[in-house]
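The lines below spell out each chain.
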Amino acid sequence: MYKIIEKNTIAENEYSMKVIAPRIAKKRRAGQFIILIPSQGDERIPLTIVDSSPDEGWIEIIFQVIGATTFKLSLKNVGDEIYSLVGPLGRPTHIENWGTVVSVGGGVGIAPLLPITAAMKKAGNRIITILGARTKELLILEDRMAKYSDRVIIMTDDGSYGEKGLVTDAIKKLINEGEKLDMVLAVGPAIMMKFVSLLTKEYNIPTLVSLNTIMVDGTGMCGSCRVTVGKETKFVCVDGPEFDGHLVDWDNMLKRQTVYREQEKIAYEKVLSQYGKKN
Amino acid sequence: MSKENIQKIIDEINIERKEEWRADLRRSMKAKARGEIDRVHMIEREPDVRNKIFEEVNLGYTEEMAILEAKRCLDCPSPTCVMGCPVAVKIPSFIKLVEEGKFLDAAKKIKETNSLPAVCGRVCPQEEQCEGNCIYIKMGKPPIAIGHLERFVADYERKMNAAEIVKPKEKKGKKVAIIGSGPAGLAAAGDLAKMGYDVTIFEALHEPGGVLIYGIPEFRLPKEIVRHEIENLKKMGVEIITDFVVGRTATIDELREEGYEAFFIGAGAGLPWMLNIPGENLNGVYSANEYLTRVNLMKAYKFPEYETPIARGKRVAVIGAGNTAMDAVRTSKRLGAEHSMILYRRTRKEMPARIEEIKHAEEEGIEFIYLTQPIEFVGDENGWLKGIKCIKMELGEPDDSGRRRPIPIEGTEHIIEADVAIVALGTKPNPLIPDTTEGLKIKRRGEIEVDDSLQTSIPGVFAGGDVMRGGATVILAMGDGRDAAIAIDKYLSEKK
Ligand SMILES: Cc1cc2nc3c(=O)[nH]c(=O)nc-3n(C[C@H](O)[C@H](O)[C@H](O)COP(=O)(O)OP(=O)(O)OC[C@H]3O[C@@H](n4cnc5c(N)ncnc54)[C@H](O)[C@@H]3O)c2cc1C
Ligand SMILES: Cc1cc2nc3c(=O)[nH]c(=O)nc-3n(C[C@H](O)[C@H](O)[C@H](O)COP(=O)(O)OP(=O)(O)OC[C@H]3O[C@@H](n4cnc5c(N)ncnc54)[C@H](O)[C@@H]3O)c2cc1C
Ligand code: SF4
Ligand code: SF4
Ligand code: FES
């Protein structure tokens, strides 16, 4: 059992939690994730390790409530325990000094982006951060990202904060301004990562994306997480979660994410009604 | 098990055989009369009932049935059946105790060499092992139902809650780490705990049991049985740490620094072989591992009570013909498929599954399509599987495994309609432990290399079960675990 020692609401339906898991806190590196089960009998879901303290023995997770399991997790409070939590899983990010790195985050994808950006900064990169959200209230982690960034650009769909437009518009603008971009990191909804990758491919800028496929075990055993990368089948949990964005078969990835859409809806509605709520 | 260990057990059986009660019992009924009794069939649920539910298919023997079946056994002076059992269960000794109605003593007798009889009685390929070597086969009669009897005795003991929890007389004060909680790890842990070692099992998943929990379905091996065995291990003092991936959460070298003096790697062969044909990443195409894990470990068959989803196809095609394929195809039927099919590139004769599973699958309405090899998965516009392009095969010369090699027949491509496909082509070991353990040697297909005492290329690190064999059976894995326990004891005793 893994005790929750801190919980914050960071936006509507988005939470951060610190959980006691000393071994993982000690071992984990940027880019890695855990798989947890809120209470016995629930589903296993992957979440990125956003931060950790090896000395105090905690790891931090940030999640958005989008279905049954994240909803159940959100019901847990400080002092409660998480039934199962395993990690650190996945390959750590390959960190090197590229020069100028653009960190592009969308929605809750900013959470996984944070530790990678921090590590890239530490390696001596100049960081330009581009954060996207639908609207001002949904933008998360701006302050913490700013800490590791030389420049921060905010984009909202409705123009309620920063500039109106998509993150790809911001990348285009940087390129037009004559910025030399050595590397792009993109983490967010698959559709965002797809369009970022298509854009950077035109300009030949190396692009790393972090894929959020559906997982079960997280150790390479089931193949639920598989995607096509450069015509080869890869297992995101052991070969990733990061891949060269230019090689990912995005249409396959997008379709695979929808495989259980109907059942996910049924499960979410069931759980919500158990707790007297409506979607 | 080594030849000399088996011989030792056979010598013991011969001494037991001479006990007075055994001699009396043998004399109480003529061999001819024993041979005239028909093999006692186990009660099974009706095919049309069971192919819709997940409760166990076989319902076991009653006491009377067990005693009657036990009477058939001739208590042979050189019992060939024992030679066929990888752990040399003292077959005639336990069966004669059954004939006497001493079921708990029979259970103890089996457990002298097999720590998981309730499991083995259900899942061993008896026709190739113990029963396949019974003298009755030579007489042209059905062999003694050794598996059924083993299962009966173990279930009896469990229901009476009579299993003896052996506590070691003295503690050795040495820590041993077991990696993986499948049959290999469980057997090694049990034996080492009995010897007095402080044993910790590290398990990657949230529930211990390995394939017994996540792979083999409830209708063949109720999970309650596995959990009961694991509870008994805990009562013996074995510590089980779940959610611990060795190689990730900590490496073997790090555990050594924490004071573990010997290791047993029983991490199984968890990685699925895929077909590597076009369309394999379409929605609706599964590895058998994923399909069975969703159903067994995550309880997707109880959706939406449990929230893990699974695609319930109307036409489900399973590719392969081993136990895993049979489990997957019978599961799909229970999840409501109208057509559940096996696609196999050879014929029924070459199928590697247990005969009982094939028979049960046939009774349950599974369709078997032989001499057929998939070459492409075909999808619809939404990325969902709609059919499998296949080619017909014919059998050529035998290959290394002695089975006739299938050869494609040109121009026979055709489409088999299916909305779910499950690839069950076997598994290979996960490279994680070799990748994170300096100096651990592996073989070509990733199996960990060991010497005769199951020691790996690193002193003090032993390995057995599927991780070393690359996909075998429960009983072989268990036997390895027991042999490794002996070797580890020897290693630690000699080490200063
Ligand atoms: C490596 C990795 C890191 C991730 N990190 C974060 C993070 O830091 N913060 C965060 O909010 N989310 C993260 N995710 C996504 C998160 O796992 C899903 O939001 C979560 O599983 C949804 O579960 P649910 O039951 O609440 O919703 P559901 O209703 O089950 O699913 C909603 C959608 O989430 C996705 N999903 C469903 N089940 C899974 C599953 N078992 N694994 C992965 N995705 C699934 C599907 O696309 C689905 O359509 C990460 C995913 C991966 C693979
Ligand atoms: C569906 C199916 C049906 C089968 N049917 C039969 C049958 O009828 N009869 C029969 O005899 N055999 C059958 N088998 C084969 C049999 O189950 C295996 O041979 C046997 O389970 C192997 O045992 P094991 O202990 O070596 O490994 P496993 O049972 O595979 O257990 C290995 C354990 O190690 C854990 N692990 C892996 N890596 C790590 C790590 N790095 N750190 C920590 N833990 C780790 C795994 O999570 C797992 O729990 C079947 C197999 C399958 C898949
Ligand atoms: S362990 Fe398996 S092979 Fe040995 S006697 Fe029992 S059922 Fe037969
Ligand atoms: S060979 Fe058959 S008849 Fe003989 S002892 Fe073994 S089980 Fe009994
Ligand atoms: S999640 Fe099972 S193989 Fe990746």
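Residues numbered from 1 in each chain as written. Chains lettered and ligands numbered in written order. Predicted model: local features only at pLDDT ≥ 70, side-chain atom pairs only at ≥ 80, totals over all residues. Heavy atoms only, no water.

**Here's the deal with the site of ligand 2**
All names here are of chain B.
Then comes step 1: Close to ligand 2 lie 34 residues; Val 123, Ala 184, Glu 203, Arg 220 and Asp 466 are nearest.
Then comes step 2: One of the side-chain N or O atoms of Glu 203 is found 2.6 Å from an oxygen atom in ligand 2.
Then comes step 3: A distance of 2.9 Å is found between a nitrogen atom of ligand 2 and a backbone nitrogen or oxygen belonging to Val 246.
Then comes step 4: When isolated, ligand 2 has an accessible area of 1,000 Å², and the protein chains bury 93% of it.
Then comes step 5: Those elements that provide at least two residues to the shell around ligand 2 are helix 12 (183-195), helix 17 (323-334) and helix 21 (474-494).
Then comes step 6: No other element matches the three residues that helix 17 contributes to the shell around ligand 2. (Near = heavy atom within 4 Å. Polar contact = N/O pair within 3.5 Å; in protein donor to acceptor, adjacent residues only side chain to side chain. Areas by Shrake-Rupley, 256 points an atom, 1.4 Å probe, with all protein chains shown as cover. Helix = DSSP H or I, 4+ residues; strand = E, 2+ residues; numbered from the N terminus.)

**Comments concerning the sheet that holds strand 18 (residues 461-463) of chain B**
Residue and element names in this part refer to chain B.
Then comes step 1: Here five strands make up an open sheet; going across it, the order is 5-4-3-6-18 and the pairing parallel. In this open sheet, the two strands that pair with only one neighbour each are strand 5 (239-241) and strand 18. Across the sheet, the mean angle from the axis of one strand to that of its neighbour is 20°, orientation sign disregarded.
Then comes step 2: Contacting strand 3 (175-179), strand 4 (198-202) and strand 6 (260-265), helix 12 crosses the sheet at an angle of about 165° to strand 4.
Then comes step 3: Where helix 21 meets the sheet, its contacts fall on strand 3, strand 6 and strand 18, and the angle it forms with strand 6 comes to roughly 160°. (Pairing = 2+ DSSP bridges. Axes fitted to C-alpha atoms, helices over the stretch in contact; angles between N-to-C directions. Contact = heavy atoms within 4.5 Å.)

**Quick word on the interface of chain B and chain A**
Then comes step 1: Taken together, the contacts link 44 residues of chain B with 45 residues of chain A.
Then comes step 2: Contact between chain B and chain A buries roughly 3,600 Å² in total, counting both sides, with carbon and sulfur atoms accounting for 50%.
Then comes step 3: Contact with chain A buries area across many residues of chain B, yet Arg 248, Asn 281 and Glu 307 of chain B alone supply 23% of it, more than any other trio.
Then comes step 4: Here chain B and chain A share four salt bridges between them.
Then comes step 5: A salt bridge links Glu 254 of chain B to Lys 27 of chain A, with the nearest nitrogen and oxygen atoms 3.0 Å apart.
Then comes step 6: Seen at the junction of chain B and chain A, the total is 26 residue pairs in polar contact (both at pLDDT 80 or more).
Then comes step 7: Mapped onto the side of chain B that touches chain A, the elements with two or more residues apiece are strand 7 (271-272), strand 8 (285-287) and helix 16 (288-296) of chain B.
Then comes step 8: The element best represented in the side of chain B that touches chain A is helix 16 of chain B, accounting for four residues. (Buried area = accessible area lost by both parts, 1.4 Å probe. Salt bridge = Lys/Arg side-chain N within 4 Å of Asp/Glu carboxyl O.)

**A look at the sheet that holds strand 9 (residues 315-319) of chain B**
All names here are of chain B.
Then comes step 1: Spatial ordering of the open sheet is given by 8-16-9-10-11, a layout of five strands whose pairing is parallel. This sheet does not close on itself; its edge strands, each paired only once, are strand 8 and strand 11 (367-369). On average, each strand axis in the sheet is tilted by 20° relative to the strand beside it, whichever way the strands run.
Then comes step 2: Bridge count between strand 8 and strand 16 (residues 420-423): three bridges; the pairing is parallel. In the sheet register, Val 285 faces strand 16, and the bridge partner there is Ala 421.
Then comes step 3: Sheet strands touched by helix 16: strand 8 and strand 16. Its angle to strand 8, the strand with the most contacts, is close to 85°.

**Notes on the site of ligand 1**
Residues and elements named next belong to chain A.
Then comes step 1: In the vicinity of ligand 1, 23 residues are found, and the nearest of them are Pro 46, Thr 48, Ile 62, Thr 70 and Thr 213.
Then comes step 2: One of the backbone N or O atoms of Thr 69 is found 3.0 Å from an oxygen atom in ligand 1.
Then comes step 3: The contact in question runs from an oxygen atom of ligand 1 to an N or O atom on the side chain of Thr 70, over 2.4 Å.
Then comes step 4: Protein coverage of the free-state accessible area of ligand 1, which is 850 Å², stands at 92%.
Then comes step 5: It is strand 4 (residues 45-48) that contributes the most residues to the shell around ligand 1, four residues altogether.
Then comes step 6: When the residues that make up the shell around ligand 1 are grouped by side-chain class, the tally is 13 nonpolar, eight polar and two charged. (Nonpolar A, V, L, I, M, F, W, Y, C, P; charged D, E, K, R; others polar.)

**So, the packing of helix 6 (residues 190-202) of chain A against helix 8 (residues 250-257) of chain A**
All names here are of chain A.
Then comes step 1: Between helix 6 and helix 8, the least distance of the axes is 10 Å, while the angle of their chain directions is 175°. Viewed along their axes, helix 6 and helix 8 adopt a mutual orientation that is roughly antiparallel. Residue-level inspection shows Ala 190, Ile 191, Met 193, Lys 194 and Ser 197 of helix 6 in contact with helix 8, the latter providing Trp 250, Asp 251, Met 253, Leu 254 and Gln 257.
Then comes step 2: Its residues assigned to classes, the contact of helix 6 with helix 8 comprises six nonpolar, two polar and two charged. (Parallel < 35°, antiparallel > 145°, perpendicular 65-115°, else oblique.)

**Points about the pattern of salt bridges**
All names here are of chain B.
Then comes step 1: All chains considered together, the criterion is met by 63 salt bridges over all chains.
Then comes step 2: The shortest N-O distance in the salt bridge between Arg 330 and Glu 357 comes to 2.9 Å. Within this pair, whereas Arg 330 is found in helix 17, its partner Glu 357 is found in helix 18 (residues 355-363), the two being separated by 27 residues in sequence. In this pair, the class of Arg 330 matches that of Glu 357, namely buried.
Then comes step 3: If you follow the salt bridges from partner to partner, you end up with Glu 44, Arg 50, Arg 220, Asp 327, Arg 330, Arg 334, Arg 354, Glu 356, Glu 357, Lys 359, Glu 363 and Glu 364 in one network. (Buried < 20%, exposed > 50% of the residue type's maximum accessible area, 1.4 Å probe, protein only.)

**Digging into a negative patch on the surface**
Then comes step 1: There is a patch of like negative charges on the surface, built from Glu 12, Glu 137, Asp 157 and Asp 158 of chain A.
Then comes step 2: Along the chain, Asp 158 of chain A turns up in the loop between strand 11 (151-156) and strand 12 (163-164). (Patch = residues over 30% accessible without salt bridge, like charges linked within 9 Å, V, L, I, M, F, W, Y side chains within 5 Å. Lys, Arg positive; Asp, Glu negative; His and termini not counted. Charge placed at Lys NZ, Arg CZ, Asp CG, Glu CD.)

**Focus: the domain arrangement of chain A**
All names here are of chain A.
Then comes step 1: Split into domains, chain A comes out as domain 1 (2-89) and domain 2 (100-210).
Then comes step 2: Computed over C-alpha atoms only, the centres of domain 1 and domain 2 are separated by 24 Å.
Then comes step 3: With 15 residues of domain 1 at the interface, the matching set in domain 2 holds 12 residues.
Then comes step 4: For the pair domain 1 and domain 2, the two sides together bury roughly 980 Å², of which 66% comes from carbon and sulfur. (Domains from an automatic or database assignment.)

**Some details on the environment of Pro 112 of chain A**
Residues and elements named next belong to chain A.
Then comes step 1: With respect to the secondary-structure elements, Pro 112 resides in helix 3 (residues 110-122).
Then comes step 2: Among the residues examined, Pro 112 registers a relative accessible area of 16% and is labelled buried.
Then comes step 3: Measuring from C-alpha to C-alpha, the distance between Pro 112 and Leu 138 comes to 16 Å, with 26 residues separating the pair along the chain.
Then comes step 4: Excluding anything up to four places from it in sequence, Pro 112 contacts Thr 48 and Val 187.

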